[in-house]
Amino acid sequence: NKLTVRSFATNVRDGGSVHAGPQTIRGIAFDSGSGIKAVQFSSDGGTTWRNATLGADYGRYSFRRWEAAFTAQRGKSYTLACRAIANSGETQTHIPVWNPAGFLRDVIETYKVSVS
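Below, the structure is looked at part by part.

How each quantity is defined
Residues numbered from 1 in each chain as written. Predicted model: local features only at pLDDT ≥ 70, side-chain atom pairs only at ≥ 80, totals over all residues. Heavy atoms only, no water. Helix = DSSP H or I, 4+ residues; strand = E, 2+ residues; numbered from the N terminus. Buried < 20%, exposed > 50% of the residue type's maximum accessible area, 1.4 Å probe, protein only. Contact = heavy atoms within 4.5 Å. Areas by Shrake-Rupley, 256 points an atom, 1.4 Å probe, with all protein chains shown as cover. Pairing = 2+ DSSP bridges.

### Considerations on the overall build of the protein
Secondary structure assignment for the protein yields 0 helices and 9 strands. Ordered by position from the N terminus, the helices and strands of the protein form the series β-β-β-β-β-β-β-β-β. Out of the 116 residues belonging to the protein, those deemed buried represent 41%. Within the protein, contacts between residues separated by at least 24 positions form 69% of all contacts whose residues are at least 6 apart in sequence. Carbon and sulfur atoms form 50% of the exposed surface of the protein, whose accessible area is close to 6,600 Å².

Given below as structure tokens:
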């Protein structure tokens, strides 16, 4: 049985825009009970990844806040992505995995944003 691990951004939306300059992307991550070990962030659609800063760990079933910074250049667009890694070793992938009930979607979330 595959365990669930998810992360997503909470302060940007797919198709949205950000201002030029330094940006802080925030989000949450969670899994099915082992706890979140790390969240990684990409500003190039998953070509390169770097560790996000994790918030407090409130226990294995709680959300774990994260944030990551990048600098947005005027006139460019970016595909932002985040992926979580659970203490169990489970990691989000680019392949969506749904359970039979139709929830617990484990795919890496991406957000295409333009810079204004």
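Let's pick the thread back up.
### Describing the sheet that holds strand E7 (residues 64-72)
As summarised here, the arrangement of the 4 strands in space is E1-E3-E7-E6, forming an open sheet in which the pairing is antiparallel. Among the strands making up the open sheet, the edge pair consists of strand E1 (5-9) and strand E6 (53-54). Pairing analysis gives 5 bridges linking E1 to strand E3 (residues 21-31), with the strands arranged antiparallel. Within E3, the residue paired with Phe8 across the bridge is Ile28.

### A few points about the side chain of Arg6
Mapped onto the elements of the fold, Arg6 is located in strand E1. When its relative accessible area of 19% is taken as the criterion, Arg6 is described as buried.

### Overview of the sheet that holds strand E5 (residues 50-51)
Read from one edge to the other, the open sheet built from 5 strands follows the order E2-E9-E8-E4-E5, with strand pairing classed as mixed. Edge positions in the sheet fall to strand E2 (17-18) and E5, since each of these pairs with one other strand and no more. Of the pairings in the sheet, the one linking E2 to strand E9 (residues 109-115) comprises 2 bridges and is parallel in character. By the bridge assignment, Val18 is partnered in E9 with Val115.

### Some remarks on the pairing of strand E8 (residues 77-86)
Within E8, 8 of the 10 residues are buried, which leaves the element mostly enclosed by the surrounding structure. Pairing of strand E4 (residues 36-42) with E8, which is carried by 6 bridges, proceeds in the antiparallel orientation. Bridge assignment links Ile36 to a residue of E8, and that residue is Ala86. Relative to E9, E8 runs antiparallel, the two being bridged by 6 bridges. Bridging across to E9, Cys82 finds its partner in Glu109.

Shape is all these values report; function is a separate question.
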